[in-house]
Amino acid sequence: MKLTVLALLLSQVWAAPQAKRSSNFLWLGSSESGAEFGQANIPGVLGTDYIWPEADEIKVLFDAGMNIFRVPFLMERLIPTQLTGTPDATYLADLQATVESITSLGAYAVVDPHNFGRYYGNIITSTSDFAAFWTTVATVFASNDHVIFDTNNEYHDEDQTLVLDLNQAAITAIRAAGATSQYIFVEGNSYSGAWTWTTYNTNLVNLTDPSDKIIYEMHQYLDSDGSGTSDSCVSTTIGAERVAAATTWLRENGKKAVLGEFAGGANSQCLTAVTGMLDALSAASDVWLGALWWSAGPWWGTYIFSMEPPTGTGYTYYLSLLQSYAPGGGSSGTTTTTSVATATTTTKATSTTTTTSTKTTTTAATATSTAVAAHYGQCGGLYWTGPTTCASGYTCTAQNEYYSQCL
Ligand SMILES: *[C@@H]1O[C@H](CO)[C@@H](O)[C@H](O)[C@H]1NC(C)=O
């Protein structure tokens, strides 16, 4: 019975003609869980207590259009005993291999100590110890500009100034270690929730980075308590509603963000709510650079949000939606050096099935090319066929290779 319902829902999703959105994001991807599993057993045994993500399945998601993968791991397994210590060689080698399997594709790998601001269960209070941890990790990845450092997963129930100071200590240590080209994802208190960001985390506006590549990583779930533990969504509009205040804060303060965790249950209410949230982020891609689903990973089994190919609940229900927000429209995984000429060829090649609709699209594109884009509207970027002129008073500004907008 369960299968019948799922098949029905799937046919509805697939039958609905998916308007090909032009992607405004720099990143669209997923977390890749496994190495942080088995938190009751530290260090635990590889294959019994925890597992590393599988390169083959990452490749499946990459080929589907994803270009960023967040790799949660445990600080205690990487650097046992004390934060100022040296890494466990095996766990570090496996982390490096996982990161390499991602960045060798041309995708971004987010190095995510999934520790909630804690080490062996105690709130990390020493900024110098935390800096030492980050010096060790950043040194390993200093030469790989497709690595992103995520200072810590979901600080919560701790002093707000401490959250500021820990993030700043991490940033300073990472840059001092010679890792100057990478983005740094900073997270906030209260589980880094987007919906409560302006209640708790406004002091993080004062973080500074000599490389100026701070990205505020927020998380957002759509169940009643925002915990992501239910596959119910509060309403069809809850996604857009829960990110609205954060968007305003980002714009007012000239900051950029990524939705580092989000998900929704495999049901039509959540599908609409997730779509509304991604549409809201995409419409605000001057400040929101992308989003990462929670979560893929080899051991999720029947987990309500599993993005693991080929049978994960989230994978089978949400992949086609997510693809429509992938950088470059999700037509391929070529995110690095695709020239406009190649891109055009790819688009044509994939649209040969329906000649009529291709023609319609071409006509529409020609018709709109003389139009002007409004404030915050898109005015250029790879694959863009719409207006390239902005309304009076606004300048077409490149946000990334996929997206220019009128500001
Ligand atoms: C940022 O730092 C300045 C200078 O210390 C301080 O006056 C201000 O209150 C801080 N901003 C926030 C939002 O905490």
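Parameters at a glance
The written sequence of each chain sets the order in which its residues are numbered from 1. Predicted model: local features are reported for residues with pLDDT of at least 70 only, side-chain atom pairs are reported and counted for 80 or more only, and whole-chain, interface and lining totals are derived from all residues. No hydrogens and no water enter the side-chain calculation; it runs on all heavy atoms of the structure. UniProt positions are given in the numbering used here, feature names are shortened, and annotations may be inferred rather than shown by experiment. Under the DSSP-based scheme used, a helix requires at least four consecutive residues in state H or I and a strand at least two consecutive residues in state E, with every element numbered from the N terminus. Categorising residues by exposure relies on relative accessible area from a 1.4 Å probe, with only protein chains included: less than 20% of the type maximum marks a residue as buried, more than 50% marks it as exposed, and the intermediate range marks it as partly exposed. Contact between two residues is taken to exist if any of their heavy atoms lie within 4.5 Å; hydrogens are not considered. To estimate the expected span of a helix, count its residues, drop one, and scale the result by 1.5 Å. Should DSSP find at least two bridges between two strands, the strands are taken to pair. Convention used here: a crossover is right-handed provided that the path from the first strand, over the helix, to the second strand proceeds clockwise when the strands point away from the viewer. For the purposes of this section, nonpolar cores are sets of buried Ala, Val, Leu, Ile, Met, Phe, Trp, Tyr and Cys residues that join through side-chain atoms within 4.5 Å. As used in this structure description, the phrase polar contact means that two N or O atoms lie within 3.5 Å; if the pair is within protein, one of them must be able to donate a hydrogen and the other to accept it, and residues adjacent in sequence are counted only when both atoms belong to side chains. Only a pair of cysteine sulfur atoms within 2.5 Å qualifies as a disulfide here. Only heavy atoms are used to decide nearness, and a residue is near a molecule or strand if one of them lies within 4 Å of it. Per-residue and other accessible areas were derived by the Shrake-Rupley procedure at a 1.4 Å probe size, with only the shown protein chains allowed to occlude residues. Amino acids outside the nonpolar list (Ala, Val, Leu, Ile, Met, Phe, Trp, Tyr, Cys, Pro) and the charged list (Asp, Glu, Lys, Arg) are all regarded as polar, and Gly is one of them. For every element, the axis is a line fit to its C-alpha atoms; helices are fit only across the contacting stretch, and the angle between N-to-C directions ranges from 0 to 180 degrees. Oblique is the label for any angle not covered by the other classes, which are roughly parallel (under 35 degrees), roughly antiparallel (over 145) and roughly perpendicular (65 to 115). Here a crossing is taken to be left-handed if its near helix is turned anticlockwise relative to the far helix by less than a right angle, and right-handed if that turn runs clockwise. A pair is scored as a salt bridge if a Lys or Arg side-chain nitrogen falls within 4 Å of a carboxyl oxygen belonging to Asp or Glu.

Looking at an unreviewed UniProt entry, one finds the protein chain named cellulase and attributed to Aspergillus saccharolyticus JOP 1030-1. In its Catalytic activity (unreviewed entry) section, the UniProt entry covering the protein chain states "Endohydrolysis of (1->4)-beta-D-glucosidic linkages in cellulose, lichenin and cereal beta-D-glucans."

Novice: When you look at the overall build of the protein chain in this model, what are you seeing that I'm missing?
Specialist: Assigned secondary structure in the protein chain consists of twelve helices and 15 strands. In the protein chain, which comprises 407 residues, the share counted as buried stands at 54%. Contacts in the protein chain between residues far apart in sequence, at least 24 positions, make up 75% of those at least 6 positions apart.

Novice: Please explain helix α4 (residues 89–103) as it appears in this structure.
Specialist: An α-helix turns once every 3.6 residues. As a result, residues three or four positions apart point the same way. In a regular helix each residue adds 1.5 Å, so 15 residues correspond to 21 Å; α4 covers 21 Å between its end C-alpha atoms and thus fits that length. Every buried residue of α4 is accounted for by Tyr91, Leu92, Leu95, Thr98, Val99, Ser101, Ile102 and Thr103. Against α2 (55–63), β2 (68–73), α3 (75–78), β3 (108–113), α5 (127–141) and β6 (147–150) lie the buried residues of α4.

Novice: What should I look at first to understand the pairing of strand β8 (residues 214–220) in this one?
Specialist: Note on strand geometry: in a regular strand, side chains alternate between the two faces of the sheet. Across the seven residues that make up β8, a large majority, seven, are buried. Relative to β8, strand β7 (residues 184–186) runs parallel, the two sharing three bridges. Residue pairing in the sheet places Phe185 in a bridge with Ile215 of β8. As paired strands, β8 and strand β9 (residues 257–262) are joined by five bridges and run parallel to one another. Bridged to His219 within β9 is Glu261. You can see the chain leave β8, run along helix α8 (residues 238–253) and come back into β9, and the turn it takes is right-handed.

Novice: I keep staring at the nonpolar core and nothing clicks. Help me out?
Specialist: Counting 97 residues, the largest nonpolar core has Trp134, Tyr216, Met218, Trp288, Met307 and Tyr318 as the members making the most contacts within it. For this core, the leading source of residues is helix α6 (residues 160–176), giving nine residues. Setting aside residues up to four positions removed in sequence, Met218 forms contacts with Ser192, Ala194, Trp197, Ala246, Trp249, Leu250, Ala257, Val258, Leu259, Gly260, Glu261 and Trp288. Leu26, Trp27, Leu289 and Leu292 belong to the second-largest nonpolar core, a separate cluster that totals twelve residues.

Novice: How do you make sense of the side chain of Arg77 when you look at a structure like this?
Specialist: Tracing the backbone shows Arg77 in helix α3. Polar contacts involving the side chain of Arg77 include one to the main-chain carbonyl oxygen of Pro43, which spans 2.5 Å. With near-sequence residues (within four places) excluded, Arg77 lies in contact with Ala35, Glu36, Phe37, Gly38, Gln39, Asn41, Pro43, Asp49, Tyr50, Asp88 and Tyr91.

Novice: Hey, could you run me through the state of the cysteines in this one?
Specialist: Cysteine pairs can be linked by a disulfide, which is a covalent bond between their two sulfur atoms. Under the definition given, this model contains one disulfide. Here Cys233 is linked by a disulfide to Cys270, with a sulfur-sulfur distance of 2.1 Å. Its torsion about the S-S bond being 110 degrees, the disulfide of Cys233 and Cys270 is classed as right-handed. Placement of Cys233 in the loop between β8 and α8 and of Cys270 in helix α9 (residues 268–283) is noted, with a sequence separation of 37 residues between them. As far as the burial class goes, Cys233 and Cys270 line up, both buried.

Novice: Teacher, can you tell me more about the environment of Thr98 here?
Specialist: The residue Thr98 is located in helix α4 in this model. Separated by 40 residues in the primary sequence, Thr98 and Ile58 place their C-alpha atoms 9.7 Å from one another. The contact partners of Thr98, leaving out residues within four places of it in the chain, are Trp52, Pro53 and Val71.

Novice: Would you explain the site of the ligand in this entry?
Specialist: All residues in the neighbourhood of the ligand are listed as Thr202, Asn203, Val205 and Asn206. In the model, an oxygen atom of the ligand is placed 2.2 Å from a nitrogen or oxygen of the Asn206 side chain. Considering the ligand on its own, with 350 Å² of exposed area, one finds that the protein chains cover 29% of that surface. Its residues assigned to classes, the shell around the ligand comprises one nonpolar, three polar and no charged.

Novice: Help me out: how do you make sense of the sheet that holds β7 in this one?
Specialist: Sheet strands pair by backbone hydrogen bonding; their relative direction is either parallel or antiparallel. The sheet built from eight strands closes into a barrel, its strands ordered β1-β2-β3-β6-β7-β8-β9-β10 with parallel pairing. Each adjacent strand pair in this sheet contributes to an overall mean axis angle of 25 degrees, direction not counted. α6 rests against β6, β7 and β8 of the sheet, and its axis sits at about 170 degrees to β7.

Novice: What exactly am I supposed to notice about the packing of α9 against helix α10 (residues 313–323) here?
Specialist: Packing of α9 against α10 leaves a shortest axis separation of 11 Å and a crossing angle of 25 degrees. The angle between α9 and α10 falls in the class roughly parallel. In the packing of α9 onto α10, the handedness of the crossing is right-handed. Residues Ser268, Cys270, Leu271, Val274, Thr275 and Leu278 of α9 form the contact with α10, whose own contacting residues are Tyr317, Tyr318, Leu321 and Leu322. Grouping the amino acids of the contact of α9 with α10 by side-chain chemistry returns eight nonpolar, two polar and no charged.

Novice: So what exactly am I meant to see when it comes to the pattern of salt bridges here?
Specialist: One side chain can pair with another of opposite charge once the charged atoms of both are near each other. The tally for this structure, following the rule as stated, stands at nine salt bridges. For Glu187, the salt bridge identified is with Arg70, shortest N-O distance 3.3 Å. Linking Glu187 in the loop between β7 and α7 (197–200) with Arg70 in strand β2, this pair joins segments that are 117 residues apart in sequence. Residue Arg70 is classed as buried on the basis of its relative accessible area, which comes to 1%. For Arg70, the salt bridge is made with Glu261, and the minimal N-O distance between the two is 2.9 Å. On the criterion of sequence distance, the pair formed by Arg70 in strand β2 and Glu261 in strand β9 is long-range, its members being 191 residues apart.

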